[in-house]
Each structure stands twice: as structure tokens, then as C-alpha cells.
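What follows is the residue order along each chain.
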Amino acid sequence: MDGQNRSSSICPRPRSTATAGKKKKEIPDRVTLKKEIGLLSACTIIIGNIIGSGIFISPKGVLEHSGSVGLALVVWLLGGCIAALGSLCYAELGVTIPKSGGDYSYVTEIFGGLMGFLLLWSAVLIMYPTTLAVIALTFSNYVLQPVFSNCVPPYMATRMLSATCLLLLTWVNCSSVRMATRIQDIFTVGKLMALGLIIVVGLVQIFNGHYEALTPQVAFSLDRMPSVGQIALAFLQASFAFSGWNFLNYVTEEVVEPRRNLPRAIYISIPLVTFVYTLTNIAYFSSMSPEELLSSNAVAVTFGEKLLGMFSVIMPISVALSTFGGINGYLFTSSRLCFSGAREGHLPSLLAMIHYKNCTPIPALLVCCAATIVILCIGETHNLINYVSFINYLSYGVTIAGLLYYRWKKPNLYRPIKVNLLVPVCYLMFWALLLGFSLYSEPVVCGVGLVIMLTGVPVYFLGVHWKEKPKCIYNFIERATYVGQRLCFVVFPQIDPIEIANPSEWTDRSSGRSSLSANS
């Protein structure tokens, strides 16, 4: 899997080719990842990844585990606050360790290869393929809902439509970074408009006096007292809806002026999503009883059927467009995780290559697409959400604990952003409580998540740590890499000469190698 030493290979000199009667095809001056993500696109990546299928699936799970409307709304609001605390920590890490790969790159830098590989292993094996599969299934269910209005859409129909959507968006992401980010921009605006429609209709209902379920005496009335473990599971369901707040950190190297735009995008996006989510749930409860919401498999569609009449078809279309944009965002960012892992030598080196002309990580995108299609036919949606939410929270906690350890390990490191210590400490306290009660309440779900992560230990020692492999293995890997390069037209990206000349401020001030101290 060792591709680290080859990642700086120099590509052929720039040239143009022309054939008789054909237009010249210019080959880029340098084959490298392009910085095409400005502040607007950075915000839409965060918002677009957070607002996928979660707000249309998780309200049912949050209400079921919390036991009352009022407590469910509190869970949604606190879920946004916790995501905000975590995003502040990731803003510091993102500008201190300016590498793509998010959690994986930070944990690898702070704790070493094994810990980073375990996060990478669980993410590539289950976390991101499962999340993509859940969003794709939600997309197909909402698209097919008007066609099969009196029954559940057929199993094969949903899987085939989900796979078709994945293949289409994989092709888009393979073709152009700019096209993928434009799709993200457009569909993020579309999903905000869809949620805006739900909020406006809900507010109209409230102004017309339909807010019985939201009055304190009704909202907090409990038919049964939820256990602490049940409340923890409600937070896990809400965390699925908020997952994606850290995804801009996966594409740091493609962000224009990341030290400025990465934290700005986080500060804009997280409060906006929390505000929209809370109002959306209030709108749901203004027109649907808890029993109706719990019995619905498509909450937004049921909402539209009750209040929009003949225009109710707008709702499944809007939700489908929302989840379509979510699939695009997850493909875009999760493929960069595979790319970063291969660049560090933790995955086959082919995954660290990009198309010689489009400068897109085609092999990594194809692996993400294939893994998702495999997951599509496995598991039930709510169980999959529980597995993913547990692994997500585990990786968040380890990463933010790494921030504290890194502060102690390298106190003089230049940090453009340095959050108050109370921020990571408060997040970790909540994280420990949530994980502890989740383990107590759902030991099987959490145990399966831990087992999935730990299966990466032997893979790491055999695939990464063991350097003296038989020659036949190296020959096979080299041959497979060569075939993959020929099929995908990919090469190793060149190192940015600016980064070589100025290794950024990502050095310890006390070592005297910092670009700041060099200029002073």
C-alpha cells in the first residue's frame, strides 16, 4: 500500500496535442488538485453535506427515543450547539494542520499511523459508504413515492434508482471539480428552499392557531419517562442529521485561502443549519401529531399531503433534489479521504492519483461508488444510522482529544485560530456521556462499531507496517497500479512549487523554521 514515496513524481512537461480536423486539447501546466473552492462553495459544501437525508429521516428516530415533542426539540437544538463546539475545534485543527483528509489527517499527524489508519479503515469500509447508501435510498424512496402512493416502492426499484444516481454523480465528479461544486451550490440553494417552504407553511399554521402540540403542557407531557440511554440514542439520531459539519476539512487543499475561508465557512454554516433544523421540526409538529410522525416513513411527504393539497407533489420532488445534492457532496469529500489515505501510504497508491487533464481523483471516486453500491443491499436504514452515528461520534471525540494532546505536545506551534480550552473540554464531556450511555443502552450496536474499527489492526500490520513482503506481492501491486493508470488516465499529482518554497506556518515557532520567524 506504500504510495507515499511516489506521490511527488514529476509529470511530463506541459504540451498540447493536435490531430487533423480535431480541436487542440490543452494539457494543464501542472497536474495537481485545483484550488476552486471559494467561500460560497465552502459554505455550500458544509450545508449541503449536513442537509442531506437526515432532517427527513431522523425526526422520527429523535421523537421515538426522546418520548415527547418538547424534549425532541431540545435534542435538536442541543445537537446543533454540540456540532458548533466541534466545528470550532476543527477550525483550529484545519488551519494548524493544513492538509486534506479531515479527522484522518489530524489523528495520523498527532497520534501516529495506526490510530489514523483505524479511522480511515472504518470510514472507507462502512461510515461513508453507509451514509451515501442511506441518502441514496432516501432519494429513490422520495422519487418513487408519488408513483407507488398506495404501497411501499419495490425493493429492486429503489436499489436500481439509487445505483443510477450514484453512477451519474460519480461521472460528474470524475469529469470536473468545477462542475461538481456548481451542482453543490445549486442543490444546496434548492434544499434550503425546500426546508424554507416547510418552515413557511408551518409558521402559517401556527399563526392560524394550530400549535396545540407545541404548548409547554402538551409538548413536555410524557406517556413514558425515557431512560438516559434512550435520550443518548435520540442524540445519536440527531447527530446523523448534523453529520457533515467537518467535511470541508477533507478538502482543505482545494480551498482558496483556507486559513481565512475555512473558519469563516464554519462560522456561517453551522448556526444557519441549526436554526433551519429547529424551525423545520417546529413546522412538522404544528401540523402533525406525534403518532402521525412516528407512523410516517416519509415525514416531509406526509406533511405536504396534509397541507399542500394538489401541490403536495412539490415536497417529494424537493426532498429528492435535496438528497441528490447530498450524495454529490458526500462523493466529493469522501473521495478526498481515500486520496489522502493513499498519499500517506495507508491505501493502494493508485488511489492517490488524479486524471492528467481534469485533475480529479478518479480511482478514489470509483472506490467510493463501488463500496456504496455494495452497502446498498445490506441493512435497514435506522440500524445503519445507529452504526454510522456511533463511529462518527467516536472519531469526533478522538480527533478533538488530539487537539488537547497536540496543544500539550507542541505548545509553540503557530495556530492562526486558538479556541478557548473550555470548548474542546465541554465537547469531550458531552461526548463521553453520550458514548457511555450508548454503550450501556445499545451494547450490540456499539460493539459492532468497535469490532469494525478493530478489524483494521491486522490489516494495518499486514498491509502497511510489514515492509518486507514477498516480491510477488509487490509485482502484483505494481502491475495492478499500471493497469489502473492506463484505464483511468491518472498520474501522481505534482507538488505545488509555492508549497515547496514556503512550507507554510505549519511548523513549530521554537524550531526557527516557521515562515513567520523566517521573515522576521
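The protein has the name Solute carrier family 7 member 10b in an unreviewed UniProt entry, where Acanthochromis polyacanthus is given as its organism. In the Subcellular location (unreviewed entry) part of its UniProt record, the protein is described as follows: "Cell membrane".

A. View of the nonpolar core. One finds Leu248, Tyr277, Ile327 and Tyr393 to be the most contacted residues of the largest nonpolar core, which totals 139 residues. Per element, the largest residue contribution to this core is 14 residues, and it comes from helix α5 (residues 113-144). What isoleucine 327 contacts, discounting residues up to four positions off in sequence, is Leu132, Ile135, Ala136, Phe139, Cys165, Leu166 and Leu169.

B. Structural view of the side chain of threonine 188. Mapped onto the elements, threonine 188 comes out in helix α7 (residues 177-207). A polar side-chain atom of threonine 188 sits 2.7 Å from the main-chain carbonyl oxygen of glutamine 184. With sequence-adjacent residues up to four places away left out, threonine 188 is seen in contact with Thr44, Ile47 and Gly48.

C. Structural detail: the packing of helix α13 (residues 314-343) against helix α14 (residues 362-376). With their axes 8 Å apart at the nearest point, α13 and α14 run at an angle of 115° to one another. On the basis of the axis angle, α13 is roughly perpendicular to α14. Crossing geometry of α13 relative to α14 is assigned as right-handed. Here α13 contributes Leu331, Ser334, Ser335, Cys338 and Phe339 to the contact with α14, which in turn contributes Ala364, Leu365, Cys368 and Cys369.

Procedures and definitions
- Residues numbered from 1 in each chain as written.
- Predicted model: local features only at pLDDT ≥ 70, side-chain atom pairs only at ≥ 80, totals over all residues.
- Heavy atoms only, no water.
- UniProt positions renumbered as here; feature names shortened; annotations may be inferred.
- Core = buried A, V, L, I, M, F, W, Y, C linked by side-chain atoms within 4.5 Å.
- Buried < 20%, exposed > 50% of the residue type's maximum accessible area, 1.4 Å probe, protein only.
- Helix = DSSP H or I, 4+ residues; strand = E, 2+ residues; numbered from the N terminus.
- Contact = heavy atoms within 4.5 Å.
- Polar contact = N/O pair within 3.5 Å; in protein donor to acceptor, adjacent residues only side chain to side chain.
- Axes fitted to C-alpha atoms, helices over the stretch in contact; angles between N-to-C directions.
- Parallel < 35°, antiparallel > 145°, perpendicular 65-115°, else oblique.
- Left-handed = near helix turned anticlockwise from the far one by under 90°.

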